[in-house]
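# Architecture and fold: a report
The chain contents come next:
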Amino acid sequence: MDAITNRESIGRKASMVAIFGNILLTIFNFIVGTLSGSTALVAEAAHTLSDVITSILAFVGFKIGMWPADNEHQYGHGRAEPIIGLVIVVFLVVVAYEILSDVYIKLLMHETLKAPDWIAAGMALIGIFVNYAMTTYLIRSGKKINSPALIADGQHQKVDIFSCGAVLVGVIGAQLGFTMLDPIVAIFIAIMVIRTAFIVARDNINTLMGKIPSEKILDEITVAAMSVNDVKGVHEVRVNNMGPYASAELHIELDADLNLRESHKISHEVEKQIINQVGPIKMATIHTCPFEGYSKE
């Protein structure tokens, strides 16, 4: 199985797990929340429904990002993934608004607050374990194949772990007589959603603006280039991040007496080594400079 096929297989499997897992959680959260009278659990059902939508969007972004380069998109379609990440942010903000609107009606319109049944606590406990498993799987898969869309979806999913924990606390507190705790927990869930939206937005905007994946990647490129015989030095290393992959541009220093054919051969070998040794780099542009008499400014 080649790298592209393997990446697509991992991404598709992770997306399907997220989609169908969240569909089941949405159904059970809504049914149990409605029957038990838990505002927080119904709010969690709305949030989980958004997880279904965002997981579908993440899968679409992942598939588009896999499209090869063409005449109009010569660096491929990788930026589709961080764009989808920003669309996920919009859904997060809408969900937070809907949760807060429901709490506003219950608290400020003086609706009667009742303690949710214990079944809501059981559902919340199940939600903690299921969401933890899906979050771990999504983020691990996203990092393995360097997919901003899957990582964004995993970060979105992570909110559900804390929100289910908050629902559990809210139900227990309400059963002990603190009926105000349930809608307060719903507010906490909304705040967590907003926080996640900010983090996902920041990360994907940075990717679209070409922020390098890490400072370490510059060193890795330099080491890969210097591993080629006849390369005397490396400078002006630049990386253009496109989400699931990146391109590199750098200058290598060669003996001034080399002819054009030899320099060309070495630069191609440097390109090959960088692509093979540095995971995110899928293309590299190499400029050759004479080593003799060269001084960095």
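Bear in mind that the values here come from a model prediction, so they are computed numbers and not experimental data.

Basis of the calculations
Residues numbered from 1 in each chain as written. Predicted model: local features only at pLDDT ≥ 70, side-chain atom pairs only at ≥ 80, totals over all residues. Heavy atoms only, no water. UniProt positions renumbered as here; feature names shortened; annotations may be inferred. Helix = DSSP H or I, 4+ residues; strand = E, 2+ residues; numbered from the N terminus. Polar contact = N/O pair within 3.5 Å; in protein donor to acceptor, adjacent residues only side chain to side chain. Pairing = 2+ DSSP bridges. Axes fitted to C-alpha atoms, helices over the stretch in contact; angles between N-to-C directions. Contact = heavy atoms within 4.5 Å. Core = buried A, V, L, I, M, F, W, Y, C linked by side-chain atoms within 4.5 Å. Buried < 20%, exposed > 50% of the residue type's maximum accessible area, 1.4 Å probe, protein only.

Another point: the UniProt feature "domain: Cation efflux protein cytoplasmic" (unreviewed entry) in the protein. As annotated by UniProt and renumbered to match this structure, "domain: Cation efflux protein cytoplasmic" (unreviewed entry) occupies residues 213–290. Taken end to end, residues 213–290 is 37% helix and 36% strand, and its two terminal C-alpha atoms sit 30 Å from one another.

We now examine the side chain of Thr 135. With respect to the element layout, Thr 135 can be found in helix H4 (residues 118–144). Only 3.3 Å separates the side chain of Thr 135 from the backbone nitrogen of Lys 158, close enough to count as a polar contact.

A separate point is the sheet that holds strand E3 (residues 281–290). Spatial strand order, E1-E2-E3: 3 strands in an open sheet with mixed pairing. Edge positions in the sheet fall to strand E1 (233–241) and E3, since each of these pairs with one other strand and no more. Averaged over all pairs of adjacent strands, the angle between strand axes in this sheet comes to 15°, irrespective of strand direction. Set on the sheet, helix H7 (residues 216–226) makes contact with E1, strand E2 (246–254) and E3; between it and E1 the angle comes to about 130°. Against the sheet, helix H8 (residues 260–277) contacts E2 and E3, and its axis sits at roughly 145° relative to E3.

Turning our attention to the nonpolar core. Ranked by internal contacts, the top residues of the largest apolar core, which has 38 residues, are Leu 41, Ile 88, Ile 99, Val 167, Ile 189 and Val 193. Contributing elements (two or more residues each) for this core: helix H1 (3–36), helix H2 (39–65), helix H3 (80–108), H4, helix H5 (148–175) and helix H6 (181–208). Discounting chain neighbours no more than four positions away, the residues touching Ile 99 are Ala 43, Ala 186, Ile 189 and Ala 190. Within the second largest apolar cluster, 20 residues are counted, among which are Ala 246, Ala 248, Leu 254 and Ile 274.

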